[in-house]
Amino acid sequence: MAALTLRRMAPSSGLAVVFPAALLFLWWLATHNHPDGLIPPPDLIVRELADTAGFIGNNDEFSGSLWNNLLASASRVYGGFLLSAALALPLGLLIGQLQIVRRMLDAMLQVLRPIPVTAWQPLFLILFGLGSRSATMLVALGCFYPILLNTIFGVRSVEPRLFEAAAMLGISRASLFPKVVLPSASPGIFTGLRLGLGFAWVVIVVGEISGVRVGLGAMIENAREVSRTDVVIAGMIVIGLAGYLSDQAIRALSRRVLRWSPQHG
Amino acid sequence: MAELVVERPIARPRPARSDPPILRIAGVNKRFVTAGGEIEALRAVNLEIGRGEFVCLIGPSGCGKSTLLRMIAGFETPSEGEVLMNGARVTGPGPDRGMVFQDYGLFPWLTVRRNIGFGPAARGIPKTQVAEIVARFVAMIGLDRFADAYPHQLSGGMKQRVAIARVLANDAAVILMDEPFGALDAMTRERLQSELLTLWEATGLTVLFVTHAIEEAIILADRVIVMSPGPGRITEDVRIDLTRPRDVVSAEFNEMRAHVSALLQGSH
């Protein structure tokens, strides 16, 4: 069984490696003769990554700073994400379930939704101050619409047949929501959470570019100011990896919760 | 695939003529308003179903057979007339009338066990008792090995067994079946037909079964109600007095098939 899985995975993971390896090679080819050029070669990035992680000790201002930056960003990402979910989930369930709430809020949300988080940033800096709180709130805003809209969609797309089945089995009106609507909507809810958390890692960089001293966004911005492109790229890679791991975690959770669903389980 | 196990197949007492009908459809008309105008789905339908009868509704599409079934289930309300269950007017769906859908209508997030226990649990029966009921019906449909499987892991025939067990576990007095075997392959279909008959004979249930397959209707039913479209109405009430299990190649069976077939031809 294990051997079979391995054999089946091998060709596809091979393909997954070949293309980025080729890109890396081209990058190296173009840069390895100019270690002091505008774009540093990939091996230098790897060394810089190890240095920011504290494994080498170049003793510059970025040495060993990675973990604090990562921790700060992760706490803002998860703080903002949880805050957003705490608001968007109940609101989405309400909007999806109750026409009166839908009528009341729909137009407003449609107008607010296209405003990008970058446009909100100056206002957030005024509202929440220059610092960590603004970044967290910006993340919360960034997660909000994906979670909200997918929750509404999940609630609104319950198979009508299941309402009939529940009704003929004698379910009470009050139990309909927890017993039929909520489990039916759970795949949509998980899609929203997953998209929201992915977006949180995008927004965090925007949020940390001004007004905070620690965080991956701040690290990238500080490195840019002193023309340390190697640190900029190292920071980007860390954000990519953190976002990826975050997504894997939420996917593992959804596979567990949605194991009944042929699309997820 | 698992076999149906019924512990004591007892002879089913035939309902006496004087027994009041379990279901009475009285002067029912049904019109739907659609974008293209009004559609007359049923006109002047009168029908009585005796307790313990197995009745098939047959007719071409558009004859209103499913609408009639859904009205008895309480999913639709008549435009005029009324549906009476044990003398009381039907105003909505209820556990006394269990419905079996062609597309199963199982809750995909619940295991076989919990799908069957859904009705009893929803009606507030204590947990230990629900577990007993569920165990009995899981065994009855022969799905013990699949009791903790989810619907998407089951074959169509297994899903339909679960759907049937779910309404039986909920103490339905009447089961309403809307082309329940229509999506199954021929072999599974035949097996489920015979299982359904075994079950019906053992329990004294009343079954109302919508189909468009003549042979299926004659294999199963005490009475075949022939319907025709435009507007949907009952054109004939055919009693099938052949002994069960019915032999589909016998002369009597073929006579019956020809008779119902002619009625359906004439109804267009």
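All values derive from a computational prediction rather than experimental measurement.

J.: Can you lay out the overall build of chain A for me, pointing to particular residues and giving the numbers?
T.: Helix and strand counts for chain A come out as 10 helices and 0 strands. Along the chain direction, N to C, the helices and strands of chain A fall in the order α-α-α-α-α-α-α-α-α-α. Over its C-alpha trace chain A gives a radius of gyration of 23 Å, far above what one expects of a compact globule, namely 18 Å for 265 residues. In chain A, buried positions account for 35% of the 265 residues. Taking all contacts inside chain A whose residues are at least 6 apart in sequence as the whole, residues at least 24 apart take part in 70%.

J.: A description of the overall build of chain B should follow, citing residues and the corresponding values.
T.: Within chain B, the secondary structure is distributed over 7 helices and 10 strands. A compact globule built from 268 residues should have a C-alpha radius of gyration of about 18 Å, and chain B, at 18 Å, falls within 12% of that. Based on the C-alpha atoms only, the size of chain B along its principal axes is roughly 50 × 45 × 40 Å. Split into buried and exposed, the 268 residues of chain B put 42% on the buried side. Considering only intrachain contacts with a sequence separation of at least 6, the fraction spanning at least 24 residues in chain B is 72%.

J.: Give a detailed account of the interface of chain A and chain B, specifying residues and quantitative values.
T.: Taken together, the contact pairs 14 residues of chain A with 21 residues of chain B. Of all the secondary structure elements, the ones that give two or more residues to the side of chain A that touches chain B are α7 (160-168) and α8 (173-208) of chain A. Ranked by residues supplied to the side of chain A that touches chain B, first place goes to α7 of chain A with 6 residues. Counted by class, the side of chain A that touches chain B contains 9 nonpolar, 3 polar and 2 charged residues.

J.: Residues and numbers for the sheet that holds strand β7 (residues 174-178) of chain B, please.
T.: Residue and element names in this part refer to chain B. Taken together, 6 strands build an open sheet; the order of strands is β6-β7-β8-β3-β9-β10 and the sheet is mixed. In the strand order of this sheet, the two ends are held by β6 (97-100) and β10 (233-239), each with one partner. Neighbour-to-neighbour, the strand axes of this sheet turn through a mean angle of 20°, independent of strand direction. Bridge analysis of β6 against β7 gives 4 bridges, and the strand direction is parallel. Note that in β7 the partner of methionine 99 across the bridge is leucine 176.

J.: Could you give an account of the pairing of strand β3 (residues 54-58) of chain B, naming the residues involved and the relevant values?
T.: Residues and elements named next belong to chain B. Taking burial as the measure, the 5 residues of β3 include 5 buried ones, the bulk of the element. Side chains Phe54, Cys56 and Ile58 of β3 all project onto a buried face; the interleaved residues Val55 and Leu57 project onto the opposite face, where all are buried too. Examined bridge by bridge, β3 and strand β8 (residues 206-211) share 5 bridges and lie parallel to one another. Residue pairing for β8: cysteine 56 is matched across the bridge by phenylalanine 209. Where β3 lies against strand β9 (residues 223-228), 4 bridges are found, and the strand directions are parallel. Among the inter-strand pairings, cysteine 56 is bridged to a residue of β9, identified as valine 224.

J.: Quick rundown of the pairing of β8 of chain B? Include the residues and the values.
T.: Residues and elements named next belong to chain B. Counting buried positions along β8 yields 6 of 6 residues, so the element is predominantly enclosed. Here β8 shows no split at all, with Thr206, Leu208 and Val210 on one side and Val207, Phe209 and Thr211 on the other all buried. Across 5 bridges, the pairing between β7 and β8 is parallel. Each bridged residue has a counterpart across the sheet, and for aspartate 178 the counterpart in β8 is valine 210. The parallel pair β7 and β8 is bridged by helix α5 (residues 186-203), and the resulting crossover is right-handed.

J.: How would you sum up the confidence of the model for chain A? Please name residues and give values.
T.: Per-chain confidence: chain A averages 91 in pLDDT, with 95% of residues scoring 70 or above. Counted against residues more than four places away or in other chains, residues 1-6 of chain A, with its pLDDT under 50, gives 0 contacts.

J.: Would you mind going over the environment of arginine 173 of chain A in detail, with residue names and values included?
T.: Structurally, arginine 173 of chain A is set in helix α8. C-alpha of arginine 173 of chain A to C-alpha of arginine 251 of chain A: the two residues are 78 residues apart in sequence and 33 Å apart in space.

J.: Outline the packing of helix α3 (residues 127-140) of chain B against helix α4 (residues 156-169) of chain B, listing residues and values.
T.: Residue and element names in this part refer to chain B. At a minimum axis distance of 10 Å, the contact between α3 and α4 shows a crossing angle of 145°. The interaxial crossing formed by α3 with α4 has right-handed handedness. Side by side, α3 and α4 meet where Ile133, Val134, Phe137 and Met140 of the first sit next to Ala165, Leu168 and Ala169 of the second. A class-by-class count of the residues in the contact of α3 with α4 yields 7 nonpolar, no polar and no charged.

J.: Can you tell me about helix α10 (residues 229-257) of chain A, naming the residues and giving the values?
T.: Relative to the 42 Å expected for 29 residues at 1.5 Å per residue, α10 of chain A spans 42 Å between its end C-alpha atoms, a close match to the ideal helical length. On its buried face, α10 of chain A is in contact with α2 (42-52), α3 (66-97), α8 and α9 (216-225) of chain A.

J.: Run through the sheet that holds strand β1 (residues 23-34) of chain B, naming residues and quoting values.
T.: All names here are of chain B. With antiparallel pairing, 4 strands are arranged side by side in an open sheet as β2-β1-β4-β5. Two strands lie at the open edges of the sheet, namely β2 (37-49) and β5 (88-89), each paired on one side alone. Of the pairings in the sheet, the one linking β1 to β2 comprises 9 bridges and is antiparallel in character. Across the sheet, the residue bridging to lysine 30 is leucine 42, located in β2.

J.: Let's hear about the confidence of the model for chain B: which residues, and what values?
T.: Interpretation of this model should avoid reading the predicted coordinates in detail wherever pLDDT is low. Residues and elements named next belong to chain B. Overall, the prediction assigns chain B a mean pLDDT of 92, with 93% of residues at 70 or greater. In this model residues 7-11 is a low-confidence stretch, pLDDT under 50, and it forms 4 contacts with partners more than four residues away in sequence or in other chains. Overall fold confidence (pTM) sits at 0.87, and the ipTM for the predicted complex is 0.91.

J.: So, the packing of helix α5 (residues 117-128) of chain A against helix α6 (residues 132-156) of chain A: which residues are in play, and what are the values?
T.: All names here are of chain A. At a minimum axis distance of 9 Å, the contact between α5 and α6 shows a crossing angle of 140°. Classified by the angle their axes make, α5 and α6 are oblique. In this structure, α5 crosses over α6, and the sense of that crossing is right-handed. Only Arg133, Ser134, Met137, Leu138, Leu141 and Gly142 of α6 make contact with α5, whose side of the interface consists of Val117, Trp120, Gln121, Phe124, Leu125 and Phe128. Across the contact of α5 with α6, the residue classes tally to 8 nonpolar, 3 polar and 1 charged.

Conventions and cut-offs
Residues numbered from 1 in each chain as written. Chains lettered and ligands numbered in written order. Predicted model: local features only at pLDDT ≥ 70, side-chain atom pairs only at ≥ 80, totals over all residues. Helix = DSSP H or I, 4+ residues; strand = E, 2+ residues; numbered from the N terminus. Rg over C-alpha atoms; globule rule 2.2 N^0.38 Å. Buried ≥ 20, exposed ≤ 12 C-beta atoms within 10 Å, placed from the backbone. Contact = placed C-beta atoms within 7 Å. Nonpolar A, V, L, I, M, F, W, Y, C, P; charged D, E, K, R; others polar. Pairing = 2+ DSSP bridges. Axes fitted to C-alpha atoms, helices over the stretch in contact; angles between N-to-C directions. Right-handed = clockwise from strand over helix to strand, strands pointing away. pLDDT = per-residue confidence, 0-100. Left-handed = near helix turned anticlockwise from the far one by under 90°. Expected span 1.5 Å × (residues − 1). Parallel < 35°, antiparallel > 145°, perpendicular 65-115°, else oblique.

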